[in-house]
Amino acid sequence: MADDMLARYRQSIDNIDMALVCLLAERFKVTQAVGRYKAEAGLPPADPGREEAQIARLRALARDADLDPEFSEKFLRFIIDEVIRHHERMRG
């Protein structure tokens, strides 16, 4: 019985992980398009004001979802840093 329960939990975790990967892939497709646009328009790769607003927004969403806001900020910061790195490469 316990093994069946564990298997169901693990299957749910696997499904969630798959959804996260798909969401991240879609997010990066969009941010790649933003990076190309910024490069063509001569805009800077980073937008500190936007980043801070997004972090504050995500921290509030995390609190509402009973998720550690510190964790959510670290997660978003990791994503933002990767996006900026891509945008800087596109700028050449």
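Everything that follows concerns the structure shown earlier in this document.
Residues numbered from 1 in each chain as written. Predicted model: local features only at pLDDT ≥ 70, side-chain atom pairs only at ≥ 80, totals over all residues. Heavy atoms only, no water.

A.B. asks: Help me get a handle on the overall build of the protein, residues and values and all.
C.D. replies: For the protein, the count of helices and strands is three helices and zero strands. Taken from the N to the C terminus, the helices and strands of the protein come in the order α-α-α. Its C-alpha radius of gyration of 17 Å places the protein more than 25% over the 12 Å reference for a compact globule of 92 residues. Projected onto the principal axes, the alpha-carbon positions of the protein cover approximately 60 × 25 × 15 Å. Looking at the protein as a whole, 21% of its 92 residues are labelled buried. Within the structure as shown, the protein displays about 7,100 Å² of accessible surface, and the carbon and sulfur contribution to it stands at 61%. (Helix = DSSP H or I, 4+ residues; strand = E, 2+ residues; numbered from the N terminus. Rg over C-alpha atoms; globule rule 2.2 N^0.38 Å. Buried < 20%, exposed > 50% of the residue type's maximum accessible area, 1.4 Å probe, protein only. Areas by Shrake-Rupley, 256 points an atom, 1.4 Å probe, with all protein chains shown as cover.)

A.B. asks: Would you mind going over the packing of aromatic side chains in detail, with residue names and values included?
C.D. replies: Under the counting rule described, the total for this entry stands at one aromatic pair. With 6.2 Å between their ring centres and 20° between their planes, F71 and F75 make a pair best called stacked. Within this pair, F71 and its partner F75 are both found in helix 3 (residues 69-91), separated by four residues, close to a single helical turn. When its relative accessible area of 46% is taken as the criterion, F71 is described as partly exposed. With a relative accessible area of 39%, F75 lands in the partly exposed category. (Phe/Tyr/Trp six-rings, centres within 6.5 Å; stacked < 30°, edge-to-face > 60°.)

A.B. asks: Account for helix 2 (residues 48-64), naming residues and giving values.
C.D. replies: With 17 residues, helix 2 should cover 24 Å at 1.5 Å per step; its first-to-last C-alpha distance of 24 Å lies within 8% of that length. Of all the positions in helix 2, only E51, Q54, I55, R59 and A62 are classed as buried. Projected down its long axis, helix 2 shows its buried positions confined to an angular sector of 135°, all on one face. Turned more than 90 degrees away from the buried face of helix 2 sit R50 and D64, all of them exposed. Buried residues in helix 2 make contact with helix 3. Phi for D66, located one or two positions after helix 2, is positive at around 60°. (Expected span 1.5 Å × (residues − 1). Arc of directions from axis to C-beta. Contact = heavy atoms within 4.5 Å.)

A.B. asks: So what's going on with helix 3? Residues and values would help.
C.D. replies: Taking 1.5 Å of rise per residue, 23 residues should cover 33 Å, and helix 3 covers 32 Å from first to last C-alpha, within 8% of that figure. Residues of helix 3 that are buried: P69, S72, L76, I79, I80, V83, I84, H86 and H87. Buried residues belonging to helix 3 abut helix 1 (2-41) and helix 2. Phi turns positive, to about 70°, at G92, one or two residues after helix 3.

Function-wise, these values are silent; they only describe arrangement.
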